[in-house]
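# Examination of the molecular architecture
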Amino acid sequence: MTFTFRPLDPLKDAELLHGWVTHPKAAFWMMQDAGLEDVERAYMEIAADEYHHALLGLRDGVPAFLMEKYDPAHRELVGLYEPRPGDIGMHFLTPPTDRPVHGFTRSVITAVMTHLFEDPAVHRVVVEPDVSNKAVHALNEAVGFVPEREIRKPEKKALLSFCTREQFRAATGVHA
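Residues numbered from 1 in each chain as written. Predicted model: local features only at pLDDT ≥ 70, side-chain atom pairs only at ≥ 80, totals over all residues. Heavy atoms only, no water.

## Brief notes about unusual backbone geometry
Even without a glycine there, the phi angle at D60 is positive, about 55°. Of note, D60 is situated in the loop between β2 (52-59) and β3 (62-70). What makes D60 exposed here is its relative accessible area of 73%. The phi dihedral of E76 falls on the positive side, at around 65°, and the residue is not glycine. Locating E76 in the fold gives a position in the loop between β3 and β4 (87-93). For E76, a relative accessible area of 31% puts it in the partly exposed group. (Helix = DSSP H or I, 4+ residues; strand = E, 2+ residues; numbered from the N terminus. Buried < 20%, exposed > 50% of the residue type's maximum accessible area, 1.4 Å probe, protein only.)

## So, the sheet that holds strand β1 (residues 4-7)
Strand order in this open sheet of seven strands is β1-β2-β3-β4-β5-β7-β6, and the pairing throughout is mixed. At either margin of the open sheet sits one strand with a lone partner, and together these are β1 and β6 (146-153). Sheet twist, expressed as the mean angle between neighbouring strand axes with direction ignored, is 30°. Contacts between helix α1 (residues 14-21) and the sheet are confined to β2, β3 and β4, with β3 contributing the most and set at about 80° to the helix. (Pairing = 2+ DSSP bridges. Axes fitted to C-alpha atoms, helices over the stretch in contact; angles between N-to-C directions. Contact = heavy atoms within 4.5 Å.)

## Quick word on the environment of G89
With respect to the helices, strands and loops of the structure, G89 is situated in strand β4. When its relative accessible area of 0% is taken as the criterion, G89 is described as buried. Each C-alpha atom, one on G89 and one on S107, is 19 Å from the other, the two residues being 18 residues apart in sequence. Among residues more than four places away in sequence, those in contact with G89 are E68, K69, Y70, P72 and V126.

## Comments concerning the pattern of salt bridges
Inspection of every chain in the model, using the stated rule, returns 10 salt bridges. One salt bridge in this structure joins R41 and D38, with 3.2 Å as the shortest N-O distance. Within this pair, R41 and its partner D38 are both found in helix α2 (residues 36-47), separated by three residues, close to a single helical turn. Judged by relative accessible area, R41 falls into the partly exposed class, the value being 46%. A residue is classified by how much of its surface remains accessible, and D38, at 31% relative accessible area, is partly exposed. One salt bridge connects E76 with K153, and the closest N-O pair in it is separated by 2.4 Å. Of this pair, E76 sits in the loop between β3 and β4 while K153 sits in strand β6, and the two are 77 residues apart along the sequence. The exposure class of K153 is buried, given its relative accessible area of 3%. Members of the salt-bridge network, linked through shared partners, are E76, E128, K153, E155 and K156. (Salt bridge = Lys/Arg side-chain N within 4 Å of Asp/Glu carboxyl O.)

Take a look at the structure:
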C-alpha cells in the first residue's frame, strides 16, 4: 500500500475527523464526547503550534488515517523523560471501517515511521500509548519500538517506548 501525506486543514477536515475521533474504536484518542466545534478547536490549536503537527495520510488521494507528530521536549512528555536531540513524538489513528483490510494498520504505522525517518534530523521516535492499548503495543513492537517504562501522564498511564532508525530498519526491512 502506498500512502502520501498532507497537512490537516482544521476547518475543512473537521467533519471527517469528528467521525473518526468520536467512534468507539477511537476510545484511546480520548475525544469520545467531542462536538464538531471541539474537534475544530483542538486541531486549530495544533495548526498554530510550532511543536505539534497534524497530517492526513492519503491512499489514492483519499484520507485514510490521521498522524500527529510533536517535539517531546516541548509537548506531551515534558518532564516525563530526558529527550535527546533528534527525538520526535508520534500518534496515529486509523478510522473505523465496515470492510477491514488485512494488514492495513501495520501498513499505516510503517508509512508513518518511514515518513518521520525521511527527515534526517529525526533519530528516534517516541510514543506513549495507554498501557492497556495492547493492539497498538503489538503494532509498535512489529515496527521496532522497545518499551522503556510506564509513565503517568495527566490523562493516562502510558507505556513510554522508543524506536531508532536502525531498530525500524531491522524490524521492517524498510530503509528510511
